[in-house]
Amino acid sequence: MEKSKDKLSVFLSLVLRHKPEAAGIVLDKNGWANVEELIEGIKKTGRNINKILLQEIVRTDQKGRYSFNEDETMIRANQGHSVLVDVELKEQIPPDILYHGTATRFLKSIQKEGLKPMSRLYVHLSKEKETAQKVGERHGKPVVLKIDAKAMYENGEKFYLSANGVWLTKSVAPSYLSE
Ligand code: HQG
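Residues numbered from 1 in each chain as written. Predicted model: local features only at pLDDT ≥ 70, side-chain atom pairs only at ≥ 80, totals over all residues. Heavy atoms only, no water.

1. Details of the overall build of the protein chain
Secondary structure summary: the protein chain contains six helices and 10 strands in total. Taking 2.2 N^0.38 as the reference for a compact globule, 179 residues should give roughly 16 Å; the C-alpha atoms of the protein chain span a radius of gyration of 17 Å, in line with that estimate. Overall, the protein chain is about 50 × 30 × 25 Å in size when its C-alpha atoms are taken along their principal axes. Counting the 179 residues in the protein chain, one finds 42% classified as buried. Taking the contacts inside the protein chain whose residues are at least 6 apart along the sequence as the reference set, 71% of them involve residues at least 24 apart. Per element, the accessible surface of the protein chain, about 10500 Å² overall, is 50% carbon and sulfur. Positive and negative side-chain charges in the protein chain, numbering 29 and 24 respectively, have mean positions lying 7 Å apart. (Helix = DSSP H or I, 4+ residues; strand = E, 2+ residues; numbered from the N terminus. Rg over C-alpha atoms; globule rule 2.2 N^0.38 Å. Buried < 20%, exposed > 50% of the residue type's maximum accessible area, 1.4 Å probe, protein only. Contact = heavy atoms within 4.5 Å. Areas by Shrake-Rupley, 256 points an atom, 1.4 Å probe, with all protein chains shown as cover. Lys, Arg positive; Asp, Glu negative; His and termini not counted. Charge placed at Lys NZ, Arg CZ, Asp CG, Glu CD.)

Have a look at this one:
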């Protein structure tokens with residue numbers, strides 16, 4: 001049961017962040033999917049889902065990846081999109097230091113070009129080093145980079161905090177990075 005819920009959550013993240021067409025749905029400009037359409041669309045892929053299960057996934061997701069609107073007729077991912085949507089992120093003053101976890105094999109390129117959003121809309125940063133370490137481990141031998149967010153902010157770079165606590169920015173120039 002737990003396993004199938006996890007698999008469903010992975011599929012949900014694919015649909016709501018990257019590939020809504022995988023469930024035959026579209027997202028609106030703010031990244032919202034209609035809950036009924038989403039459930040019907042997911043069912044058509046042969047997966048088992050209903051409103052209760054969807055509510056449970058949203059409520060128990062470890063990283064708080066998804067949100068419902070107030071009357072729970074719509075759902076969206078809080079961050080992590082590659083499709084161009086505007087999840088109405090609010091600009092925030094960042095902590096002085098933020099962290100980014102990556103794999104050692106990317107270091108050379110990152111030192112040269114800085115951090116780029118790659119396939120996503122933003123570069124993902126975290127306040128805690130441990131979180132960054134875990135993110136890095138997903139890609140290989142991990143390395144945590146320290147970002148001088150204070151200097152970036154003072155130089156006019158914008159930072160956003162997603163509804164689930166991920167710090168986002170468009171890019172990070174090499175001069176703000178250290179190991
Ligand atoms: C790297 C997870 C070469 C970058 C996590 C990263 C996160 C470069 C990879 C969220 C580069 C992109 C996002 C450059 C950046 N040259 N490589 N110039 N600039 N990179 O998955 O940050 O579980 O798109 O370091 O918790 O790893 O999905 O980004 O290694 O918050 O909810 O290119 O995904 O959340 O990888 O992860 P990703 P990420 P979820």
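2. Quick notes on the site of the ligand
For the ligand, the set of nearby residues contains 18 residues, the closest of which are R17, H100, T102, S109 and H139. K63 is positioned with one of its side-chain polar atoms (N or O) 2.8 Å from an oxygen atom of the ligand. Within the side chain of R120, a nitrogen or oxygen atom sits 2.7 Å from an oxygen atom of the ligand. For the ligand, whose free accessible area comes to 780 Å², the fraction covered by protein is 89%. Among the elements of the structure, β5 (97-103) and α4 (107-113) are those that each provide at least two residues to the shell around the ligand. Per-element tally for the shell around the ligand: the top contributor is α4, with three residues. For the shell around the ligand, a count of residues per class yields five nonpolar, six polar and seven charged. (Near = heavy atom within 4 Å. Polar contact = N/O pair within 3.5 Å; in protein donor to acceptor, adjacent residues only side chain to side chain. Nonpolar A, V, L, I, M, F, W, Y, C, P; charged D, E, K, R; others polar.)

3. A short note on the environment of I25
If you trace the backbone, I25 turns up in the loop between α1 (2-18) and β1 (33-34). Considered as a pair, I25 and Q79 are 54 residues apart in the sequence and their alpha carbons are 19 Å apart. Among all residues touching I25, those that are not within four sequence positions of it are V15, P20, A33, E37 and L38.

4. Digging into the pairing of β5
Extensive coverage of β5 is indicated by the burial of six of its seven residues. Both β5 and strand β7 (residues 142-148) contribute to a ladder of seven bridges, which runs antiparallel. In the strand pairing of β7, Y99 is matched with K146. (Pairing = 2+ DSSP bridges.)

5. Thoughts on the pairing of strand β3 (residues 74-77)
Side-chain positions along a regular strand alternate between the two faces of the sheet. Bridge count between β1 and β3: two bridges; the pairing is antiparallel. Considered in β3, the bridge of N34 is made with M74. Bridge count for strand β2 (residues 66-68) against β3 is three bridges, and the pairing is antiparallel. Across the sheet, the residue bridging to S67 is R76, located in β3. In this structure, the hairpin formed by β2 and β3 is closed by a connection of five residues, where E72 is found at a positive phi of approximately 60 degrees.

6. Things to note about the pattern of salt bridges
Taken as a whole and judged by the stated rule, the model has six salt bridges. Note that K116 and E113 form a salt bridge whose closest N and O atoms lie 3.8 Å from each other. Among the residues examined, K116 registers a relative accessible area of 43% and is labelled partly exposed. For E113, a relative accessible area of 40% gives the class partly exposed. As a salt-bridge pair, K150 and E154 come within 3.3 Å of each other at their nearest N and O atoms. Of this pair, K150 and E154 are both found in helix α6 (residues 149-154), four residues apart, which corresponds to roughly one turn of the helix. Overall, E154 belongs to the exposed group, its relative accessible area being 56%. (Salt bridge = Lys/Arg side-chain N within 4 Å of Asp/Glu carboxyl O.)

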